[in-house]
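# Notes for the structure review
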Amino acid sequence: MAKFWTLLFKPRAWVAKLLLLLVIVGFAAFGYLGYLDPIREFLDSDNFAFKIGEIRFSAYLLVKAIIIIILLFWLVGILSEVLENRIKSISRIKSSNKALIIKAIQIVIYFLAFLFVLGVLGIDLTALTVFSGAVGIGIGFGLQKIASNFISGIILLFEKSVEEGDLIELNDGIIGFVRETGARYTRIETFEGHETMVPNEDFITNRVTNWTFSNSRTRVDINIGVAYGTDLDLASKLIVEAAKEHPRCMDTPAPESFLVDFADSSVNFTLYFWIENVTEGRIRPRSDVLFTIWRKFGENKIEIPFPQRDLHLKNPEALK
């Protein structure tokens with residue numbers, strides 16, 4: 001049933017064009033032949049009418065309203081799709097600006113269609129004062145989240161803090177690429193291959209890490225320890241060489257190795273090196289550099305230690 005109403009009010013473009021043409025031709029033909037007059041008089045009779053204040057409602061008005069609304073939905077669907085395809089074909093406009101323009105056009109089109117329906121039905125806008133107040137209360141209570149997500153989506157499009165194609169990380173650990181910013185949610189494609197629909201409000205109220213906001217480079221950190229007695233200068237040199245040999249390692253900033261701690265079982269170093277495009281991944285270059293460090297340490301007899309403990313016995317003779 002839900003699919004039926006969706007196809008009825010928002011059919012695909014070619015279906016909408018065909019249905020709209022058939023309905024217009026059909027009504028024009030029946031009206032010209034005079035077949036609609038008896039139906040209109042019957043549905044508009046007092047037996048099928050009632051009044052609310054000064055406004056008279058009848059079955060004819062109801063049928064007329066339904067037909068006009070369906071026709072307008074079809075027409076608006078065709079117009080929206082044509083304008084959307086036209087705007088998307090303009091290469092000079094960024095994707096976020098395209099989404100903002102399309103959203104603004106859709107709001108204007110549906111608002112004008114709403115006013116047109118009221119005018120055709122002969123409903124005075126001043127009579128909608130009470131109704132608009134009820135709608136406002138409904139939005140304040142029942143539709144609060146929907147309104148919040150819609151406004152948040154518009155704010156995101158204006159601020160351009162999160163755009164299509166950006167690599168983002170949310171507060172709850174979700175990492176992926178932004179594929180679409182809709183009226184209610186933002187669609188994110190994660191590295192696992194599935195798509196997550198995140199409410200737009202979360203991008204406004206929570207902390208969001210955008211890995212590609214101003215640039216796409218990122219730093220990779222590697223912590224590694226060597227055994228006591230190791231030539232520390234040689235170890236630091238080999239660690240930096242391992243990073244420089246990787247094709248994705250940037251020359252500026254240059255990779256650096258820092259001695260950070262004299263731990264219980266090892267002398268600890270931290271390697272910092274930068275890669276150019278974070279959207280290509282950080283795990284692969286980190287893994288490659290670790291393999292290279294392992295190989296260089298093995299060639300130079302540098303040991304990567306494991307935790308060790310010394311046990312002192314106060315009464316060793318008691319073991320005998």
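Residues numbered from 1 in each chain as written. Predicted model: local features only at pLDDT ≥ 70, side-chain atom pairs only at ≥ 80, totals over all residues. Heavy atoms only, no water.

Check the secondary structure of the protein and you find 10 helices and 10 strands. Out of the 320 residues in the protein, the part that is buried amounts to 29%. Within the protein, contacts between residues at least 6 apart in sequence are counted, and of these 60% link residues at least 24 apart. On the protein, roughly 21,400 Å² of surface is accessible, and the fraction owed to carbon and sulfur atoms is 61%. (Helix = DSSP H or I, 4+ residues; strand = E, 2+ residues; numbered from the N terminus. Buried < 20%, exposed > 50% of the residue type's maximum accessible area, 1.4 Å probe, protein only. Contact = heavy atoms within 4.5 Å. Areas by Shrake-Rupley, 256 points an atom, 1.4 Å probe, with all protein chains shown as cover.)

If you trace the 5 strands from one edge of the open sheet to the other, you get E6-E5-E4-E3-E7, paired in antiparallel fashion. The outermost strands of the open sheet, each flanked by one partner alone, are strand E6 (195-199) and strand E7 (208-210). Neighbour-to-neighbour, the strand axes of this sheet turn through a mean angle of 40 degrees, independent of strand direction. Of the pairings in the sheet, the one linking strand E5 (residues 185-190) to E6 comprises 5 bridges and is antiparallel in character. Each residue of the ladder has a partner; that of Tyr 185, found in E6, is Pro 199. (Pairing = 2+ DSSP bridges. Axes fitted to C-alpha atoms, helices over the stretch in contact; angles between N-to-C directions.)

Here Ile 105 lies in helix H5 (residues 95-121). Once the C-alpha coordinates of Ile 105 and Leu 83 are considered, the two residues, 22 residues apart in sequence, prove to be 8.4 Å apart. Residue contacts for Ile 105: discarding those within four places in its chain leaves Leu 83 and Ile 87.

Before going further, it helps to examine the sheet that holds strand E8 (residues 218-226). Spatially, 3 strands are ordered E8-E10-E9 in an open sheet, and the strand pairing comes out antiparallel. Because the sheet does not close on itself, it has two edges, and the strands there are E8 and strand E9 (256-262). Neighbouring strand axes in the sheet, compared pairwise and without regard to direction, differ in orientation by 25 degrees on average. Here E9 runs beside strand E10 (residues 267-275); their pairing, made up of 6 bridges, is antiparallel. Opposite Leu 259, over in E10, you have Phe 269 as the bridge partner.

Here we take up the packing of aromatic side chains. Tallied over the entire structure, the rule returns 2 aromatic pairs. Note on Phe 177 and Phe 191: the rings are 5.7 Å apart at their centroids and 80 degrees apart in plane angle, and the pair reads as edge-to-face. A residue pair is termed long-range when its members are at least 10 positions apart, and Phe 177 in strand E4 (residues 175-181) and Phe 191 in the loop between E5 and E6 qualify at 14 residues. For Phe 177, a relative accessible area of 14% gives the class buried. Pairing Phe 258 with Tyr 272 gives two aromatic rings, centres 5.7 Å apart and planes at 55 degrees, and the pair type is tilted. Separated by 14 residues along the polypeptide, Phe 258 in strand E9 and Tyr 272 in strand E10 bring together distant segments of the chain. (Phe/Tyr/Trp six-rings, centres within 6.5 Å; stacked < 30°, edge-to-face > 60°.)

So, about helix H7 (residues 144-159). Taking 1.5 Å of rise per residue, 16 residues should cover 22 Å, and H7 covers 22 Å from first to last C-alpha, within 8% of that figure. Where H7 is concerned, the buried positions are Asn 149, Ser 152, Gly 153, Leu 156 and Leu 157. Along the long axis of H7, the arc covered by the buried residues comes to 135 degrees, so they all point the same way. Relative to its buried face, H7 has exposed residues pointing more than 90 degrees away, namely Gln 144, Phe 158 and Glu 159. Directly beyond the C-terminal end of H7, a positive phi value near 60 degrees is found at Lys 160. (Expected span 1.5 Å × (residues − 1). Arc of directions from axis to C-beta.)

Let us now look at the nonpolar core. Core analysis: the largest hydrophobic core is formed by 19 residues, its most contacted members being Leu 271, Phe 273, Ile 293 and Phe 297. Contributing elements (two or more residues each) for this core: E8, helix H9 (232-244), E10 and helix H10 (283-299). In contact with Phe 273, other than residues within four places in its own chain, are Thr 218, Arg 219, Val 220, Ile 222, Ala 243, Cys 249, Pro 255, Pro 285, Arg 286 and Val 289. (Core = buried A, V, L, I, M, F, W, Y, C linked by side-chain atoms within 4.5 Å.)

Right, let's talk about the side chain of Asp 166 for a bit. With respect to the element layout, Asp 166 can be found in the loop between H7 and strand E3 (167-170). Asp 166 gets classed as buried once you look at its relative accessible area, which sits at 10%. Of note is the side chain of Asp 166, whose polar atom sits 3.3 Å from the side chain of Thr 212. Filtering out sequence-adjacent residues up to four positions away, Asp 166 remains in contact with Ser 161, Gly 176, Phe 177, Val 178, Asn 210 and Thr 212. (Polar contact = N/O pair within 3.5 Å; in protein donor to acceptor, adjacent residues only side chain to side chain.)

Relative orientation of the contacting elements H9 and H10 amounts to 140 degrees, with a least axis distance of 9 Å. By the angle between their directions, the pair H9 and H10 is classed as oblique. Along this stretch, H9 crosses H10, giving a crossing that reads as right-handed. Here Ala 235, Leu 238, Ile 239, Glu 241, Ala 242 and Ala 243 of H9 lie close against H10, whose contacting residues are Val 289, Thr 292, Ile 293, Lys 296 and Phe 297. For the contact of H9 with H10, the per-class residue count stands at 8 nonpolar, 1 polar and 2 charged. (Parallel < 35°, antiparallel > 145°, perpendicular 65-115°, else oblique. Left-handed = near helix turned anticlockwise from the far one by under 90°. Nonpolar A, V, L, I, M, F, W, Y, C, P; charged D, E, K, R; others polar.)

This part is about unusual backbone geometry. In this model, Thr 252 is joined to Pro 253 through a cis peptide bond whose omega is -5 degrees. Among the secondary structure elements, Pro 253 is positioned in the loop between H9 and E9. In this structure, Lys 301 takes a positive phi of about 55 degrees despite not being glycine. The topology assignment puts Lys 301 in the segment after H10.

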